[in-house]
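Examining the three-dimensional arrangement
Listed below are the residues making up each chain.
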Amino acid sequence: MPRALEVWLPLPVPAFTFLAPHGRSEAPPGARVVVPWQGGVRIGVVAEVVEVGVAAALELREAVACIDASPWLLAPARRMIKAQAARTAAPVGLALATMLTVGLDVPLDHSVRLVDGVDAEGLGAGADALSGGDWHDAEAFRPEALSTWREHGLVEERVRVRPARERMLCALRAADAELGGRAREAQRRALAWLEEHGPMPSAAELARAADVGPGAARALVHKGYAGYRDVITPLPAPPWVAATHAAVGELASPAASDARRSLVHGGHRAERLRALAREVAAVVQARHQALVVVPEAASVDVVAGALAAFVPTLVFRAEHAPEQRGALWAEVARGTPAALVGTYPVLAAPLARLGQVHVWDAASPSYKIVSGTRSVARRDADVLAEAAHVPLIGYDVLATAELRDQRLDRVEALPYPAPRLVTSDLRESSTWPLGGELIRVLAQVAQRGRQAVVVVPRRGFASGLACRACGTPVMCPHCDLPLRWHAQRGRLRCHQCGHARPAPAGCAHCGGEPLAPLPGAGTEWVAREVERVVAPLPVWTVDADHRTDLTALFDGDPGVVVGTTAVLRLAPPPVLSLLAFTLGDALYGHEDFRAEEQALRTMLLAAELAGERRPLLLVQTFQSDHTVWRTLGARDVDAAVAAFSDATRARRARFGYPPATQWARVQVSHRDRGRADAAASAIAQTLRTAGVPDDALLGPVVAAVARVRDRYAVHVFLRASDDLTLAQWIERIDRRPGDGVQVRIDVDPYDVDAHLT
DNA sequence: AGCACGCCGACT
DNA sequence: GTCGGCGTGCTC
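Residues numbered from 1 in each chain as written. Chains lettered and ligands numbered in written order. Predicted model: local features only at pLDDT ≥ 70, side-chain atom pairs only at ≥ 80, totals over all residues. Heavy atoms only, no water.

What follows deals with the state of the cysteines. As enumerated under the stated definition, the model contains zero disulfides in all. Of the cysteine sulfurs around Cys 507, a residue in no disulfide, the closest is that of Cys 467, at 3.7 Å. (Disulfide = S-S within 2.5 Å.)

Listed below in structure tokens is the structure:
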């Protein structure tokens, strides 16, 4: 039986089959291969080697060449990607593109030569250069011609990753009699330096390094002793990190848990970091590698900085250049005992001696990947650990229903430091957006020269501008949303599609009446009000629109930070005495079955912003008896949180929400509202006919914001007892019904009402 | 995803 | 008339 390669390409396509490259019987699973694709070539990954029939083999095309001798994507990561594709009902190539972000778009050196005994004559125009049997740069030939020669088995091809090159000043010729004499001493010194230390980026830098005048270096170039050449850039050093001062404190003796799946929850962030460090230190001491996945880029520094105090620590960062990621991949593939910290793409790293997988802030909604397969990376980490037969340990401030549902073998519950919570009832307040109590405590902060953080539910000045007379808000022309008012820039902006315009002089609806800000206060508005209260203390703003220098804050200077929930990811300010929320209700106000649980989690994380201090936590709310505030304000917080958690779990099970069931959201959209509706109904009907029970199908229901970017969205929800059943149902959906209808599917949706892009 | 093709609306 | 937007189909 002929053997062939199943190849995954980083494209939304299924696996494709190719014969092994000419003259090779096969390529190792996990290795990168170059394959013919749409007239050109592309890099893919060998998923497996399969047997094919003789007849089938005749139909297949040959892979061009194999790049790696050893796997670029290890077996556990391949299992993870395959499982992700199955779970999200997506083509496997999309899962590959989502998870493997390193090494698939590298520049290649591609060469060809004639197969022994083939005559260049018969190859047609452009082939004369091929004669002689030497290797030639493939770029010299037309892709179509190359493709034909390949199909007829006339050429052999070789592909290597092209090393990065730079133009550098190199020594070209040894010093000779011409360079003699006292006057040329500086030139001789510069040349000797260059010969000893290697190429330099410029003559000026050579002069500085060799401690000669710039003229001497230039003279070397002029006379031909030195010149600019393309030099192969050495691979950058792997991204090792140094320990930060955000100390975790003393580490009790390192100890690795042997439970398959554990959860460490509650306590304070520093305690959870210590628990993580204990495990990681033990694993690295045993000469293994620990993989630590974190939900967002900001946590990489916090976690890696803490671990680096105990073990060699590598990081994966989104901003790293491709070469640096390559260096990281190479380092971990060597099996170097270390911790590797990063966001979800680290899950594909080829850790040769993986000993444990850690999921930091495991309940963070940021694990939901917003593009590609839209997988939840926490679940991918779980599959990876299982496939690699290593323990999985999750850490979070709150044991959410989903975290508790993962067949845990070990749970470590740390006691919460009791927050000093005060709720301030907005129904009894006459001022806005700062109520009387908040104004009072802010004034105290100013008086005592302390620090405060004020969290606001949106950025900008106000949620919109509306007519004073008729109340009509200025809407986005492309979305069913009011344009947000950014007073500092004097512009209205759509937070959904980015449309921006200056504020109109008057109301377009009732004819020129003046406009006023809507009451939904944003960071700009709140910052202005806070300034009035705390002047002359500085007020810093932190949100997506403001990149404020916070050095003074971290130096301990008095002042107030006003920001969106992004401030909760800051390091603890040193003398924080107040943490306030201008509208606590915003945390659970949106339509989402996870909203309440996430609101409580956000508040528990907020309490940790204080470091080891216990600042006042003041929440302005219209519902001071809401379960989130009652839980946080309870005398016994641990018991209250446990009770909240049990109730949440029971309620989710009773009403058929995750994790009791698996959900998928089918988003149908069209520029025309009626057609979006009709297409969604057709999908619901198809599913019913296919035998999906009525109670497993919800909708169609129009999205909360009906139109975004000129498209109307309608949702159909599916729920099943397990992933597999859900995926089988999804397979029945026609994803390309035509007529301008878009169908997008989100398995395990997190923001139930968001428009998918 | 990228690319080629084909269809209708707004312009030199 | 044809330019170019978007929608559709295909890739071993």
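Using the criterion set out here, one finds 39 salt bridges in the structure. Among the salt bridges present, the one from Arg 334 reaches Glu 331, with a minimum N-O distance of 2.9 Å. By relative accessible area, Arg 334 is classed as exposed at 59%. (Salt bridge = Lys/Arg side-chain N within 4 Å of Asp/Glu carboxyl O. Buried < 20%, exposed > 50% of the residue type's maximum accessible area, 1.4 Å probe, protein only.)

Moving on, we get to the protein's contact with DNA strand B. Around DNA strand B lies a shell formed by Leu 11, Pro 12 and Gln 38. By atom count, sugar and phosphate contribute 18% of the portion of DNA strand B lying within 4 Å of the protein. Here Gln 38 contributes a side-chain N or O atom positioned 2.5 Å from a base nitrogen of DNA strand B. (Near = heavy atom within 4 Å. Polar contact = N/O pair within 3.5 Å; in protein donor to acceptor, adjacent residues only side chain to side chain.)

Attention now moves to the packing of aromatic side chains. Tallying each qualifying case throughout the model produces 10 aromatic pairs. Taking 5.0 Å as the distance between ring centres and 5° as the angle between the ring planes, the aromatic pair formed by Phe 461 and Trp 525 counts as stacked. With a gap of 64 residues between them, Phe 461 in the loop between strand 19 (451-455) and strand 20 (465-467) and Trp 525 in helix 14 (residues 523-534) connect regions that are remote in the sequence. Accessibility assignment for this pair places Phe 461 and Trp 525 in one class, buried. For the ring pair Tyr 588 and Trp 629, a centre distance of 6.0 Å and an interplane angle of 55° mean the geometry is tilted. Of the two residues, Tyr 588 sits in the loop between strand 27 (576-581) and helix 16 (595-607) while Trp 629 sits in helix 17 (residues 627-632), which places them 41 residues apart along the sequence. Accessibility classification places Tyr 588 together with Trp 629 in one group, the buried group. (Phe/Tyr/Trp six-rings, centres within 6.5 Å; stacked < 30°, edge-to-face > 60°. Helix = DSSP H or I, 4+ residues; strand = E, 2+ residues; numbered from the N terminus.)

Looking at where Gln 84 falls in the secondary structure, it is placed in helix 2 (residues 75-88). Here Gln 84 falls in the buried class, since its relative accessible area comes to 0%. Those residues in contact with Gln 84, other than ones at most four positions away along the chain, are Ala 95, Thr 98, Met 99, Thr 373, Ser 375 and Asp 380. (Contact = heavy atoms within 4.5 Å.)

Mapped onto the elements, Arg 374 comes out in the loop between strand 15 (354-359) and helix 11 (377-388). One buried charge, Arg 374, has no salt-bridge partner; the nearest side chain with opposite charge is Asp 746, at 5.2 Å. Of note is the side chain of Arg 374, whose polar atom sits 3.3 Å from the backbone oxygen of Ile 745. Residues contacting Arg 374, with those up to four places away along its chain left out, are Lys 368, Ile 369, Arg 744, Ile 745, Asp 746, Val 747, Leu 756 and Thr 757. (Lys, Arg positive; Asp, Glu negative; His and termini not counted.)

At a minimum axis distance of 11 Å, the contact between helix 16 and helix 18 (residues 637-654) shows a crossing angle of 160°. Taken together, the axes of helix 16 and helix 18 are roughly antiparallel relative to one another. Of the two elements, helix 16 crosses helix 18, and the hand of that crossing is left-handed. Where helix 16 abuts helix 18, its residues Glu 596, Glu 597 and Leu 600 lie against Val 641, Phe 644, Thr 648, Arg 651 and Arg 652. Each residue belonging to the contact of helix 16 with helix 18 can be placed in one class, and the counts come to three nonpolar, one polar and four charged. (Axes fitted to C-alpha atoms, helices over the stretch in contact; angles between N-to-C directions. Parallel < 35°, antiparallel > 145°, perpendicular 65-115°, else oblique. Left-handed = near helix turned anticlockwise from the far one by under 90°. Nonpolar A, V, L, I, M, F, W, Y, C, P; charged D, E, K, R; others polar.)

What tends to happen in soluble globular proteins is that the nonpolar side chains get buried as a cluster. Among the nonpolar cores identified, the biggest contains 55 residues, and Leu 73, Ile 81, Leu 100, Trp 329, Leu 340 and Leu 347 are the most heavily contacted of them. For this core, the elements supplying multiple residues, two or more each, are strand 4 (40-51), helix 2, helix 3 (92-99), strand 12 (289-293), strand 13 (313-316), helix 10 (322-333), strand 15 and helix 11. Every residue in contact with Trp 329, bar those within four places of it in the chain, is listed here: Trp 72, Leu 100, Val 102, Phe 316, Pro 345, Ala 348, Ala 349 and Pro 350. Leu 465, Cys 467, Leu 483 and Leu 616 belong to the second largest nonpolar core, which has 39 residues in total. (Core = buried A, V, L, I, M, F, W, Y, C linked by side-chain atoms within 4.5 Å.)

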